[in-house]
Amino acid sequence: MTQLTDRPADAADPARPDVGRALLAPRSVAIVGASDDARKTTARPLRFLREAGFTGGVYPVNPRRETVLGERAWPDIASLPEVPDHVFVLTDTARVVDTVRECGEAGVPLVTVLSGGFGEGGPEGRERLEELLDVARRYGVRVVGPNSIGVVNPRNGMLLTANAAFAEPDLPVGPSFVASQSGSVIGALMTRAKARGLGFAGFVSTGSEVDLTLGEICEATLDDPEIGSYTLFVESMDNAGPLARFAAAAAERGRPVTVYKLGRSDAAAALSVSHTGALAGEDDEADAFFRACGFARVDNFEALIETEALQRRIGPPGPVRADRIGVITSTGGGAAIVVDQLETRGVTVARPSPAVFRGLAALGLDVAENLIVDLTLAGTRHDLVLGALDVLRSSGEFDLVLFVVGSSARLNPELAVSAIAEAAAAGEVPLAAWALPDALESLRMLNDAGVPAFRTAEACAEAIAATLARRPVDPAVLGTRDTGAAEAPARTLDESDSAVVLAGLGVAFPAATTCDAAGTPAAEPAWPVVVKALSDRLPHKSDAGAVVLGVTGPGELAGAVRTITANVAAHDPTIELGGFLVQEMVGDAVVEALVGYRVSPTVGPLVMLAAGGVHAELYDDSTLRLAPVTAEVAREMVGEVTAMRIARGFRGGPAGDIDALVDTVVAVSRLAVTRPDVVEAEVNPVAVRPRGQGAVALDALVREADRS
């Protein structure tokens, strides 16, 4: 996607009032290229607007006709009796630029373009794109699209779209605004939600995003008091910067965001020379970005519709993860299904204490002490369901109570379902529900009462897991999104120079000196030592036999130099060695870690923690965050890497210096703010020594942008 740049200052602000208003609440709209043939795509917007009862001005523009669908047609924008706030361009590609120019001359603030052929159509398309961008800059017109299927606001009947799904009558309204990079998805979400009795506050198909990006469009709607949350469908991370800015503003206003992203490509690995790049694929980068944004990311399309209600009910994430899930049910088999789905997503159901079961017994409920509270047939009694829910929610043991409803959800919603709906109004602990049978009326009843209710066990578990995975947003981290270094040519520093860069940030290295080709050290080594070749062309020295361990004296040092020289010559005779690193050996590591850093061309600086050593890629045991990170975030990362459990005294083994490892992760992440020219960096392995003895980087690699 190409983003419009170098706009006038007043036109560059995506949140200025006329853009937000023109998008969803225009006083008047024009449809350029409106067709008189009701069967055609280009006839839909006018028909939809009229059928939905839009009360603003509507002006079909078609110079070839006197009327369109029985209404007066206007020959061009200049002839309209007023300047429309929003123009939908449905013309052939060849006419789009002239139409946008007409809009600019008339003072139209916002244009949505349906047509394609801008940038994606070879040289001619790229030339057409540049012309479109030039016209938009000149007149300060903001553009949604091209390739946008339109914008919808069901609250006021503003159905400015060619998506056939919006022929549906009586569109329900809800609090969430949908922004999608796929045009067909907005119709799919609407129809699926409508079947559930759920609605949305608006829809936009962002198209090619040559000007207004998904993040900017959402940002422009933040002052709309009727929008309480956002639902995003993302295909590309090319415009992550504006999305990060929106995320910070949405978090400040307490507006939760649910996101579904297509694609799990690892193409980014090919851009890197370090293990970090090989481990951090494009989707991993996107995941780290969404986490920093505080978004709930789901991989289940049904959950994309249903998660926002759960997010709003639970509220914004706090500094302490609230993930004590209590499960109560009238069907043990159904509860087992959802518990299984939760567990596979890393969510552990909390076992009620004996006190909870005593409280249930006091109500006359004979419930076996178990992981779930299974009411069996008592789960069909309204009064007992109310009492059981009160016991669980008042116990102080749960952050969320999930009720799995059995067949009564379909046959007798006045029983358990009505009790759950009634209970929602009292108590601070949120309720959620999943119905084992297909029970749409019960789900509508629950949602209307403010109980997030799910149609499938998979969507229920996905929504809970994604909501619990959210973290508070740090605007400072989201503001560090400089991707410039990733786009510049880069050069690799040798290990000695790399260590200088990282040591300056606080990374600890062993005592070291250098020696020449004769094995003469520049200073007395701290024997025993490891000897390594120094060359910016050997990022992975072990692959070339350029490392010798356990060297104990001067004679062995000279022999190690000869061995390395011969090995490198056999590996690649064109490599000229610039000397040799003579480094103190560190042999008491509890575990080895990898701490990496890279600047993604889409989401900016990232820091990684992974299992270390030469087999780091084989283990595929890693976690990723946007950089820089705090000590709290770094400690969370340590907890997510399986290999780091060894440092916690696994099976009675020695505990490692986790505090020192945390400090190392934080130090490497500071490259994001101290060295914007660094494209990539890695310390691997980091020897995590016994508790209190530190963590030492045994190898280092830095690549920096070469701007010469």
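All values derive from a computational prediction rather than experimental measurement. Residues take numbers from 1 onward in each chain, read along the sequence in its written order. In keeping with the model being predicted, local features are shown solely for residues with a pLDDT of at least 70 and side-chain atom pairs are shown and tallied solely at 80 or more, while totals for entire chains, interfaces and linings include all residues. Hydrogen atoms and water are omitted, and side-chain values are computed over all heavy atoms in the structure.

(A) Representation of the overall build of the protein. A count of helices and strands for the protein gives 25 helices and 30 strands. Each of the three principal axes of the protein carries a C-alpha extent, and together these read 100 × 75 × 35 Å. Buried means the residue's accessible area, taken with a 1.4 Å probe over protein chains only, is under 20% of the maximum for its type, while exposed means over 50%, and partly exposed covers the values in between. For the protein, buried positions account for 57% of its 708 residues. What makes two residues a contact is simply this: any of their non-hydrogen atoms within 4.5 Å. In the protein, the proportion of contacts linking residues at least 24 apart, taken out of those at least 6 apart, comes to 74%. Of the accessible surface of the protein, which amounts to about 27,500 Å², a share of 50% is contributed by carbon and sulfur atoms. In summary, the charge assignment counts Lys and Arg as positive and Asp and Glu as negative, without counting His or the chain termini. By convention, the point assigned to a charge is CZ for Arg, NZ for Lys, CD for Glu and CG for Asp. Across the protein, 62 positive and 93 negative side-chain charges occur, with their mean positions spaced 4 Å apart. The helix and strand labels rest on DSSP assignments: H or I over at least four residues marks a helix, E over at least two residues marks a strand, and numbering proceeds from the N terminus. A 1.4 Å probe and the Shrake-Rupley method give the accessible areas. Residues count as covered only by the protein chains that appear here.

(B) Looking closely at the environment of Ala-52. In this fold, Ala-52 is placed in helix H3 (residues 44-52). Overall, Ala-52 belongs to the partly exposed group, its relative accessible area being 37%. Once the C-alpha coordinates of Ala-52 and Met-158 are considered, the two residues, 106 residues apart in sequence, prove to be 7.5 Å apart. Setting aside its immediate chain neighbours within four residues, Ala-52 contacts Gly-157 and Leu-159.

(C) Spotlight on the sheet that holds strand E12 (residues 229-234). Strand order in the open sheet formed by seven strands is E9-E8-E11-E10-E12-E13-E14, with mixed pairing between adjacent strands. The open sheet has two free edges, formed respectively by strand E9 (158-161) and strand E14 (296-297), since each of these has just one partner strand. Think of it this way: DSSP has to see at least two bridges between two strands before they count as a pair. Pairing between strand E8 (residues 150-153) and E9: four bridges, direction antiparallel. For Asn-153, the partnering residue across the bridge sits in E9 and is Met-158.

(D) Layout of the packing of aromatic side chains. A pair of aromatic rings is counted whenever rings of Phe, Tyr or Trp (Trp by its six-membered ring) have centres within 6.5 Å, and the orientation is called stacked for planes under 30 degrees apart, edge-to-face for over 60 and tilted otherwise. Tallied over the full model, the rule gives ten aromatic pairs. Plain terms: the ring middles of Phe-177 and Tyr-230 are 6.0 Å apart, the flat faces sit at 75° to each other, and that makes the pair edge-to-face. Taken as a pair, Phe-177 in strand E10 (residues 176-180) and Tyr-230 in strand E12 lie far apart in primary sequence, 53 residues in all. Both residues of the pair, Phe-177 and Tyr-230, belong to the buried class. Ring geometry for Phe-233 versus Phe-301: centroids 6.4 Å apart, planes at 85°, classification edge-to-face. Residue Phe-233 is found in strand E12, and its partner Phe-301 is found in helix H11 (residues 301-314); the two are separated by 68 residues along the sequence. With relative accessibility at 5%, the residue Phe-233 sits in the buried group. Counted as over-ring charges are cases with an Arg CZ or a Lys NZ within 6 Å of the ring centre that also lie within 35 degrees of the ring normal. We note Arg-72 situated over the ring of Trp-74; from NZ or CZ to the ring centre the distance is 3.6 Å.

(E) Region of interest: the layout of surface pockets. A pocket, in this scheme, is an open set of points on a 1 Å grid over the protein atoms alone with protein on both sides within 12 Å along at least 5 of 7 lines, while a cavity is a set where a 1.4 Å probe fits but cannot get out; residues line either one if an atom lies within 4 Å of a point. Grid points are joined across faces, edges and corners, and a volume is the space filled by probe spheres set on the points. In this model, the second largest pocket occupies a volume close to 630 Å³. Considering the residues around the second largest pocket, the lining is formed by 30 residues, among which Gly-318, Arg-470, Arg-471, Pro-472 and Glu-636 are closest to the centre. Broken down by secondary-structure element, the contributors of at least two residues to the lining of the second largest pocket are helix H10 (282-293), helix H18 (457-468), strand E27 (622-626) and helix H23 (631-640). By residue class, the composition of the lining of the second largest pocket is 17 nonpolar, four polar and nine charged. Residues are grouped as follows: Ala, Val, Leu, Ile, Met, Phe, Trp, Tyr, Cys and Pro are nonpolar; Asp, Glu, Lys and Arg are charged; all remaining types, including Gly, are polar.

(F) Representation of the state of the cysteines. Any pair of cysteine sulfurs within 2.5 Å is marked as a disulfide. Enumeration according to the criterion identifies zero disulfides in this entry. Cys-293 provides the cysteine sulfur closest to Cys-218, a residue in no disulfide bond, and the two sulfurs are 11 Å apart. The exposure class of Cys-293 is buried, given its relative accessible area of 2%.

(G) Layout of the packing of helix H16 (residues 416-423) against helix H17 (residues 440-448). With their axes 9 Å apart at the nearest point, H16 and H17 run at an angle of 15° to one another. In terms of their interaxial angle, H16 and H17 are classed as roughly parallel. Here H16 runs over H17; the crossing is right-handed. Residues Val-417, Ser-418, Ile-420 and Ala-421 of H16 form the contact with H17, whose participating residues are Ser-442, Met-445 and Leu-446. When its residues are assigned to classes, the contact of H16 with H17 shows five nonpolar, two polar and no charged. Axis definition: a line fitted to C-alpha atoms, limited for helices to the stretch in contact. Angles are taken between N-to-C directions and run from 0 to 180 degrees. In this scheme, roughly parallel covers angles under 35 degrees and roughly antiparallel covers those over 145, while 65 to 115 is roughly perpendicular and the rest are oblique. Crossings are classed by handedness, with left-handed meaning an anticlockwise turn of the near helix from the far one by less than a right angle and right-handed meaning a clockwise turn.

(H) Spatial organisation of empty space enclosed by the protein. The final tally for this structure, using the stated rule, is three cavities of 30 Å³ or more. Together, twelve residues line the largest cavity, and Gln-181, Ser-236, Asn-239, Ala-240 and Leu-243 are the ones closest to its centre. Looking at the lining of the largest cavity residue by residue, the classes come out as six nonpolar, four polar and two charged. Considering the residues around the second largest cavity, the lining is formed by Thr-492, Leu-493, Asp-494, Glu-495, Ser-535, Leu-538, Pro-539, Lys-541, Asp-699, Ala-700 and Leu-701. Taken together, the residues of the lining of the second largest cavity sort by class into five nonpolar, two polar and four charged.

(I) Structural view of the sheet that holds strand E18 (residues 431-435). With respect to topology, five strands assemble into an open sheet ordered E16-E15-E17-E18-E19, the strand pairing being parallel. Two strands bound the open sheet, and with one partner strand each, they are strand E16 (373-374) and strand E19 (453-454). Bridging between strand E17 (residues 400-405) and E18 involves five bridges; their strand directions are parallel. By the bridge assignment for E18, Val-401 is matched with Leu-431. Across the sheet, helix H12 (residues 332-344) lies against strand E15 (325-329), E16, E17 and E18, angled at about 135° from E17, the strand it touches most.

(J) Molecular detail of the pattern of salt bridges. A pair is scored as a salt bridge if a Lys or Arg side-chain nitrogen falls within 4 Å of a carboxyl oxygen belonging to Asp or Glu. The full count for this structure, using the stated rule, is 44 salt bridges. Residues Arg-50 and Glu-71 are paired through a salt bridge, measuring 2.7 Å at the closest nitrogen-oxygen approach. With Arg-50 in helix H3 and Glu-71 in strand E4 (residues 71-72), this residue pair connects regions lying 21 residues apart in the sequence. Arg-50 gets classed as partly exposed once you look at its relative accessible area, which sits at 37%.

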